[in-house]
Each structure stands twice: as C-alpha cells, then as structure tokens.
Amino acid sequence: MLVKRFFDEPLAQTSYLIGCGATGTAIVIDPNRLVDPYIGAAEAEGLRITAVTETHIHADFLSGTRELAARTGAPMYLSAMGPADWQYEFRNEPNARPLHHAGVITVGNVSIEAVHTPGHTPEHLSFLVTDGAVADEPMAIVTGDFVFVGDVGRPDLLEKAARIAGTSEHAARDLYRSLDWFRSLADHIQVWPGHGAGSACGKGMSAVPQSTVGYERRYNWAFGATSEAEFVRQVLVGQPEPPRYFGVMKRINREGPPLLGSLPNPERVAEHRLLDLLAEGATVIDTRATAEFAAGHLPGSLNIPLGNNFTTYAGSLLPYDRDLYLILQSGVPHAVRRAVQMLVTIGLDRVAGYAGSEALSVWSAEGRELERTPQTAAADVPARQRAGALVVDVRARSEWDQGHIEGARLIPLPELVDRLGEIPEGQEVLLHCQGGGRSAVAASLLLASGRKHVANVSGGFGAWIKAGLPESQS
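The rules behind these values
Residues numbered from 1 in each chain as written. Predicted model: local features only at pLDDT ≥ 70, side-chain atom pairs only at ≥ 80, totals over all residues. Heavy atoms only, no water. Helix = DSSP H or I, 4+ residues; strand = E, 2+ residues; numbered from the N terminus. Rg over C-alpha atoms; globule rule 2.2 N^0.38 Å. Buried < 20%, exposed > 50% of the residue type's maximum accessible area, 1.4 Å probe, protein only. Contact = heavy atoms within 4.5 Å. Lys, Arg positive; Asp, Glu negative; His and termini not counted. Charge placed at Lys NZ, Arg CZ, Asp CG, Glu CD. Salt bridge = Lys/Arg side-chain N within 4 Å of Asp/Glu carboxyl O. Axes fitted to C-alpha atoms, helices over the stretch in contact; angles between N-to-C directions. Parallel < 35°, antiparallel > 145°, perpendicular 65-115°, else oblique. Left-handed = near helix turned anticlockwise from the far one by under 90°. Arc of directions from axis to C-beta. Pairing = 2+ DSSP bridges. Core = buried A, V, L, I, M, F, W, Y, C linked by side-chain atoms within 4.5 Å.

Draft legend 1. Expanded view of the overall build of the protein. Secondary structure assignment for the protein yields 16 helices and 24 strands. Against the compact-globule benchmark of 23 Å for 474 residues, the protein has a radius of gyration of 24 Å, which places it among compact chains. Across its three principal axes, the protein shows a C-alpha extent of roughly 70 × 55 × 35 Å. Looking at the protein as a whole, 55% of its 474 residues qualify as buried. The contacts of the protein with a sequence gap of at least 6 include a subset with a gap of at least 24, amounting to 67%. The averaged location of the 54 negative side-chain charges in the protein is 2 Å from the averaged location of its 41 positive side-chain charges.

Listed below in structure tokens is the structure:
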C-alpha cells in the first residue's frame, strides 16, 4: 500500500492518495479543485486513479471530486447518508456511485470502508483503511472533519454557513454519539484528519499532521467531557465566525462544482486601463503587504495581502458575481499564478486582469495623490473615543470575550461586508484586531467603500494591553 498526503497550507486542508502497488490502482480522498498534483503523483508512482471520494459536503473549499473524476474517468463515490433534504444534488450523474454506511471501495488489495460519522455534517463519512496484502483489520481511519488532532469538527456550520436554522445542538449530539463509536476502535489505528491548525472547521486543532485513536482518546479534549450535555456545551462555545464564503461553498459543493479544466489566464492590464476600471467601480485587489498598502495605494482598491490568509480574507470580502483585478508586487515571480490558484480553490474564478505595482507610479506621475491608511497608536485611542471616534473590533467573538476595549463595537472581519451599514459614514472610525493585520484589511474595505475618517490601530489589542490600558469583559 502507498499513501501520499497533500496539504494545502492556505486552507489548512488535507487530501490523501492511497494506492495499491500490486495492481497499480489508487483512490483520492477529499481532493480540492486543483487536481494536477494528484494526477502527477499517481503517474510518478505508476498508479491509475480508479476511484475518487470525499468525507462530506465541504464548506471551506471547492471540492475537486467532480473535477478529478472527469479528468481520470474514475467513478466518484458520494455519501448517501443523512436526511433526504441534505443530499448531493449531482449524485445521479453517470459516474456517481452512492456510498452507504459499511460500504466498501476496493482499490487492488486495499479496502476503504465507509463509516457514517454524523455531527460536523449529517452526511459525513469516515474511511477505515485496510492493507489487505498484510492484514485483515484497519491500520488507519481517514476522519475528514470528524476527529482532528486535538479537536473535533464543529457542528454549527450547517446553521451558521448554510443557514439551516436550529441544527447546531442536534448536530452536536450526533457528534457525541459518533465519538462514542470512535472510542471502540483499537488504540493503534492511525488518525488521518482532513484539516490542521489554521482551519476554521474547528477551534483548537493541532498542527501535527496525524495521530492515533489511543492518543486522541487520551488527550483530545472532546473525550474528556463528563456527559453529553457537557460535550454539547463545550463544542458549541468559542467557535470562530465562519468566513463569509462558507455558505457559497456548501451550496456549490452540494449542487456539483463547475468543471475548471484549466486555470483562468487573466490578461495584463495597462496601468491607465486599471485606473479607468477603478473609476468605473471595478473590484481591484492590491495584494501587497499591509504596511506598503498603508503607505500609498490607489483610491478605491482593497488590500488583501498575498499570504496564507489570502484565501480566507478573499472569501470573506470579495464578490462572486463581479470581475476581479489584481495589483501584484512587481518583480515577484509566479505571483499571478499563485493568486489565481488560491482564488479558484474557493470558486472565485472571475479573475479578469492584473497589473504590477508600478501602476502606483503612473498614478503619481499624473499628479494624482495616492491614498494612505492613517495609523493611530493604541495609547491615543481613549482620547479619540472621548472626542467621538467609534472603535470597531474586527476580531472573533471568542477573542472579544477574553477582553476588549470599553465602548468598542464588535464586527468580526468575516461579517464586515454585510454589516457596513452599522458604521456611520460621517464618524471617525478606529479599527483594531489583535495585532493589526485583520484591521488593516478592514480599514482598506472601509476606505474603498467611500468612508473618509478611518484609521488602523497600530499593534491592535496587543498594543493596547502592552500600554497598560484597561480591558473590559462585560
């Protein structure tokens, strides 16, 4: 048996290729939309991908199951578990196969047994992996978003992201019962999860890539709950706000993701044309670092730095129904391809064009001033509050609950687009997060929306605490 793990760092998401060397066949579990790495890895090992499956209807990325099946001709196995009103809508396609509890996918000498483990989602499957060439019992379980290293999948996304009201507590109870089954597995069975630290699909998962059943049963907080009621309370408290795009992903992954084929190939836009597009109200994303953006940017552009948070911020702030244009740091090789790849993994396919950061020089050469993001020190915030400034905290609610600035208004960054109307247009607004990164992105959104009196609190709440200023927990 051959196993290859694929980890997408921006999404903190894991896929698995499991193959049988004797027969030259393989299965891919939980592929994302960029399927070339799976195909290339299989070819390098002399394997053919003969099956594709996934653990559940994903919320944090666009599934590549349909894409990979189309590229390889392999059947795609889709969960047939859960309620009738929450099923894959493309399950009737010719190459789709329903997968029920205890169903087995055979890949040469390797067997992949599906186990219904609802909780994170009602249709969720985990996969027991047995290397039949040497054993008659499983060596590993691919847990998807069921059990992570040190955490479990959050049961509130169907309600918070897919807007199916009243499902969180019921899902949490399902998750508790699924964990009861997990307890029955042998200690030595390896746990291969679908996410690691940085994913919004849980609240405290480890960066360690895999674990064992015995270790999780001993050290994962979820197995320390003294009762079902206590577990339900603990698992629902402190979950981060899901990025705004999660609901879109749930819908598209349920309907059937559109086939990508090849990556979008945006054209390079002349600097003068970019300026015209901005004047016409186009969505222009400046991907430079926040400090560079703050020092000078094109009025109306939005700052989302091209780093590991690019995908999450883009999914929270960008529209799906409009063309997107990128400003990229000049001289950075492959920046266009990297940005496009990260955007299409969450279905933001309408990348129409890009320009280098020399566009700023063109703007200045024409005698027009670049816009700057004002910065304010944490120590100056109280005086500016007394003068009438509104402090907006864009951290998560769990961070807010641990301490915040008295009189501030909490609007987590994933909710900011939908709650812009709560921020008065004529009032000075001071934005902060924990360290200054998220609030810098938020400040760019307010400036792009036409707000004039906006400042970012340098160093965020961390600088506030360091300055010895009071924190409220009320």
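Draft legend 2. Expanded view of the pattern of salt bridges. The tally for this structure, following the rule as stated, stands at 27 salt bridges. The salt bridge partner of Lys160 is Asp156, with a shortest N-O separation of 2.9 Å. Given a relative accessible area of 36%, Lys160 falls into the partly exposed group. Here Asp418 makes a salt bridge to Arg244, at a shortest N to O gap of 3.2 Å. With Asp418 in the loop between β22 (409–410) and β23 (429–432) and Arg244 in the loop between α6 (228–236) and α7 (246–255), the pair connects residues that are 174 residues apart, well separated along the chain. A relative accessible area of 55% places Asp418 in the exposed class. Its relative accessible area of 31% is what places Arg244 among the partly exposed residues. Connected via shared salt-bridge partners are Glu169, Arg173, Asp174, Arg177 and Glu228.

Draft legend 3. The packing of helix α10 (residues 310–317) against helix α11 (residues 335–344), seen in detail. For the pair α10 and α11, the least separation of the axes is 9 Å and the interaxial angle reads 60°. The pairing of α10 with α11 is recorded here as oblique in orientation. Crossing of α10 over α11 shows right-handed handedness. In this structure, α10 contributes Phe310, Thr311 and Ala314 to the contact, and α11 contributes Ala339, Met342 and Leu343.

Draft legend 4. Spatial organisation of the environment of Leu328. Looking at the element boundaries, Leu328 is found in strand β18 (residues 324–328). Placed 22 residues apart in sequence, Leu328 and Leu306 show a C-alpha to C-alpha distance of 8.5 Å. In this view, Leu328 contacts Thr287, Leu306, Ala335, Val336, Ala339, Tyr354, Ala355, Gly356 and Ser357; residues no more than four positions away in its chain are not counted.

Draft legend 5. Structural view of helix α8 (residues 271–279). Listed in full, the buried residues belonging to α8 are Glu271, Leu274, Leu275, Leu277 and Leu278. Axial view of α8: buried residues confined to an arc of 160°, hence all on one face. A positive phi of about 90° marks Gly281, the residue just after α8.

Draft legend 6. Representation of unusual backbone geometry. With phi around 50°, Ala12 is a residue other than glycine that occupies positive phi space. A positive phi angle is found at Arg163, which is not glycine, with a value near 65°. With respect to the secondary-structure elements, Arg163 resides in the loop between α3 (157–160) and α4 (168–182).

Draft legend 7. Spatial organisation of the sheet that holds strand β21 (residues 390–393). With parallel pairing, five strands are arranged side by side in an open sheet as β20-β24-β23-β21-β22. Taken across any chain shown, the strands that pair with only one partner, and hence form the sheet edges, are β20 (375–376) and β22. Pairing of β21 with β22 involves two bridges; the strand directions are parallel. If you follow Val392 over to β22, its bridge partner there is Arg409.

Draft legend 8. Up close: the nonpolar core. Ranked by internal contacts, the top residues of the largest apolar core, which has 55 residues, are Ile304, Leu318, Leu416 and Leu431. Taken together, the elements giving at least two residues each to this core come down to α7, α10, β18, α11, β19 (351–356), β21, β23 and α15 (437–448). Among the nonpolar cores identified, the runner-up in size contains 21 residues, and Val115, Ile141, Phe146 and Val213 belong to it.

The analysis is restricted to geometry; functional conclusions fall outside its scope.
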